[in-house]
Amino acid sequence: QAQVVESGGGLVQAGGSLRLSCAASTRTFSSYTMGWFRQAPGKERDFVAAITWANTPVYGDSVKGRFTISRDNAKNTAYLQMNSLKPDDTAVYYCAAHRFRHGVGIGIDDYDPWGQGTQVTVSS
């Protein structure tokens, strides 16, 4: 089964930037929509952004205009560039691959496998 591994989290001041990476171990990476979700303490896991297998980005309302999702199919990697970070962006960020080839969707149940998560902390 394919595996997904996130990296790039850390501590940053409000207004700063971070870039998260998501490496997937599958030879058919280009056929899968990749999604980013986040979960803050005591809250549900929420959709952040996704990039479809056709390279179309989709964003959650809270990150539009600040975050950019992209993918490099040659490297089997998806990225999340996060700019103008706010303390409310503090969460564990998870990457996941859509369950089905050429699938689209932003629901949590649409995605499997998931990575282990990477912590992003934004200080005020």
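The coordinates are above.
So, a few notes on the structure that sits alongside this text. (Residues numbered from 1 in each chain as written. Predicted model: local features only at pLDDT ≥ 70, side-chain atom pairs only at ≥ 80, totals over all residues. Heavy atoms only, no water.)

### Notes on the overall build of the protein chain
Now for step 1: Tallying secondary structure elements over the protein chain gives zero helices and 11 strands in all.
Now for step 2: Along the protein chain, from the amino end to the carboxyl end, the secondary structure elements read β-β-β-β-β-β-β-β-β-β-β.
Now for step 3: Computed over the C-alpha atoms, the radius of gyration of the protein chain is 13 Å, within 12% of the 14 Å expected from 2.2 N^0.38 for a compact globule of 124 residues.
Now for step 4: With respect to the principal axes defined by its C-alpha atoms, the protein chain has extents near 40 × 30 × 25 Å.
Now for step 5: Going through the 124 residues of the protein chain one by one, you find that 43% of them count as buried. (Helix = DSSP H or I, 4+ residues; strand = E, 2+ residues; numbered from the N terminus. Rg over C-alpha atoms; globule rule 2.2 N^0.38 Å. Buried < 20%, exposed > 50% of the residue type's maximum accessible area, 1.4 Å probe, protein only.)

### Details of the pairing of strand β3 (residues 18-24)
Now for step 1: Most of β3 is tucked away, with five of its seven residues classed as buried.
Now for step 2: The pairing of strand β1 (residues 4-7) with β3 spans four bridges and is classified as antiparallel. Residue pairing across strands places V5 opposite A23, the latter belonging to β3.
Now for step 3: Here β3 pairs with strand β8 (residues 77-82) via six bridges, running antiparallel. Paired with S21 across the strands is Y79, a residue of β8. (Pairing = 2+ DSSP bridges.)

The analysis is restricted to geometry; functional conclusions fall outside its scope.
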